[in-house]
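# Geometric and topological summary
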Amino acid sequence: MPDAQPLHVLRGIGGSAMGSSFDRIVNQSFRNLTDIDIQILQQIADDLGAIPDMSIGELAERCNVSTATIVRMTRHLGFDGYSDFKYYLRHESRLGRGRQKDGTPTAARTLAEDITQTIRLFERTNQLDELYARMAGARKVYAFGTGYGQRLMLEDFCRCMQMIGRDVVMIPATGELRLVRQFLGRGDLLIIASLSGCVDRYRDVFQAISVCGTPIVSITNLGNNELASYTAYSLYFQNGNIFDDINMSSSSFVTMHVVLHLLFEGFKAWVERGE
């Protein structure tokens, strides 16, 4: 493991156009990074604008490593793979270009970019048909939001599901989640919506749920994927309006709602096709 502190070693990254949100991801994952990972990240910081358009093979050649090493680096940062990592870099780069004269991104540009990227991420999900089958065949489907805004989005999702005859049990708070855990089994399904993907308050519960074999669907902001390590299915939204110091959204949960809307519409279409 590298001996230096993350902000010192990655000074080039911290000063790049990636911004403090990327700094946070790197620093949170620093204990997982190898010397080679850091060298790759420094190469990325040196030419950030070109990386989002590079294939994994091109980046591997530039860094003089294998493609497998690139994939491992992205997973050490908490991404699912190079594609998710590249999308994140593209978003950070575009935010840097689409700013007002005072340096802040325009609200309309940020929102449009977030919605477009969220739809792309959903369409790229490989396990949707398998997930729809799980939703249709589950003994019970539960939903849990890690915050007030997340719960509001899930409540609307539950309402839509009821309209097509599929009840989703809303878990209102952490205490109830711990109680429900005792009754979860392999035949159930748990949907978890989280802005940050941080599991510090819930790690013991999620570990216990994983042990009992209950499939979990995580819905998290792109790039904050600690929660995804406990889940069988991972869906992502993009929200460019997050305060880095408190990891909270400064706007609505519109892109989380987009993911849940796409999940509902996709499931309804799947049922109507009789698959």
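Located above this text is the structure these notes cover.
Residues numbered from 1 in each chain as written. Predicted model: local features only at pLDDT ≥ 70, side-chain atom pairs only at ≥ 80, totals over all residues. Heavy atoms only, no water.

## Structural notes on the overall build of the protein
When you go through the protein residue by residue, the secondary structure sums to 13 helices and seven strands. In the protein, which comprises 275 residues, the share counted as buried stands at 49%. Pairs at least 24 apart in sequence give 70% of the contacts found in the protein among residues at least 6 apart. Summing over all exposed atoms, the protein offers an accessible surface of approximately 13200 Å²; the carbon and sulfur share of this is 50%. (Helix = DSSP H or I, 4+ residues; strand = E, 2+ residues; numbered from the N terminus. Buried < 20%, exposed > 50% of the residue type's maximum accessible area, 1.4 Å probe, protein only. Contact = heavy atoms within 4.5 Å. Areas by Shrake-Rupley, 256 points an atom, 1.4 Å probe, with all protein chains shown as cover.)

## Details of the packing of helix 8 (residues 107–123) against helix 13 (residues 254–272)
Geometry of a packed helix pair, given as the angle between the helix axes and the separation of the axes. Axis separation between helix 8 and helix 13 bottoms out at 10 Å; the angle between their running directions is 30°. Classified by the interaxial angle, the pair formed by helix 8 and helix 13 is roughly parallel. In the crossing of helix 8 with helix 13, the sense of the turn from one axis to the other is right-handed. From helix 8, Leu111, Asp114, Ile115, Thr118, Ile119 and Phe122 reach across to helix 13, where they touch Val254, Thr255, Val258, Val259, Leu262 and Leu263. A breakdown of the residues in the contact of helix 8 with helix 13 according to their chemical character gives nine nonpolar, two polar and one charged. (Axes fitted to C-alpha atoms, helices over the stretch in contact; angles between N-to-C directions. Parallel < 35°, antiparallel > 145°, perpendicular 65-115°, else oblique. Left-handed = near helix turned anticlockwise from the far one by under 90°. Nonpolar A, V, L, I, M, F, W, Y, C, P; charged D, E, K, R; others polar.)

## Here we look at the nonpolar core
Grouped together as the largest cluster of nonpolar side chains are 32 residues, with contacts concentrated most on Met135, Phe157, Ile219 and Leu235. Where this core is concerned, the elements lending two or more residues are helix 9 (128–137), strand 1 (141–145), helix 10 (148–163), strand 3 (189–194), strand 4 (216–221), strand 5 (233–237) and helix 13. Per-element tally for this core: the top contributor is helix 13, with seven residues. Once residues within four sequence positions are removed from consideration, Ile219 is found in contact with Ile191, Ile192, Ala193, Ser194, Leu235, Phe237, Met256, Val259 and Leu260. By size, the runner-up hydrophobic cluster in this structure holds 26 residues, among which are Val26, Ile40, Met54 and Leu77. (Core = buried A, V, L, I, M, F, W, Y, C linked by side-chain atoms within 4.5 Å.)

## Describing the sheet that holds strand 1
Picture the strands of a sheet paired through backbone hydrogen bonds; they go either parallel or antiparallel. On the basis of which strands lie adjacent, the open sheet formed by five strands has the order 2-1-3-4-5 and parallel pairing. Looking at the sheet topology across the chains shown, the edges are occupied by strand 2 (168–171) and strand 5. Taking each pair of neighbouring strands and ignoring which way they run, the sheet shows an average axis angle of 20°. Of the strand pairs in this sheet, strand 1 and strand 3 are connected by five bridges, and their pairing is parallel. Of the residues in strand 3, the one forming a bridge with Gly145 is Ala193. Taken strand by strand, helix 10 contacts strand 1, strand 2 and strand 3, and its axis lies near 160° from that of strand 2. (Pairing = 2+ DSSP bridges.)

## Regarding unusual backbone geometry
Peptide bonds are trans in most cases, and residues, glycine excluded, mostly fall at negative phi. Phi is positive for Asn64, close to 60°, though the residue is something other than glycine. By the element assignment, Asn64 lies in the loop between helix 5 (56–63) and helix 6 (67–76).

## A few points about the pairing of strand 2
By the bridge criterion, four bridges tie strand 1 to strand 2 in an arrangement that is parallel. What sits directly across from Ala143, in strand 2, is Met170.

## Observations concerning the packing of aromatic side chains
Inspection of the entire model under this criterion finds four aromatic pairs. Seen in terms of ring centroids, Phe267 and Trp270 are 6.4 Å apart; in terms of plane orientation they differ by 15°. Their pairing is stacked. Of this pair, Phe267 and Trp270 both sit in helix 13, separated by three residues, roughly a single helical turn. Relative accessible area serves as the criterion here: at 3%, Phe267 is assigned to the buried category. Each member of the aromatic cluster is reached from another via a ring pair, and the members are Tyr132, Phe267 and Trp270. (Phe/Tyr/Trp six-rings, centres within 6.5 Å; stacked < 30°, edge-to-face > 60°.)

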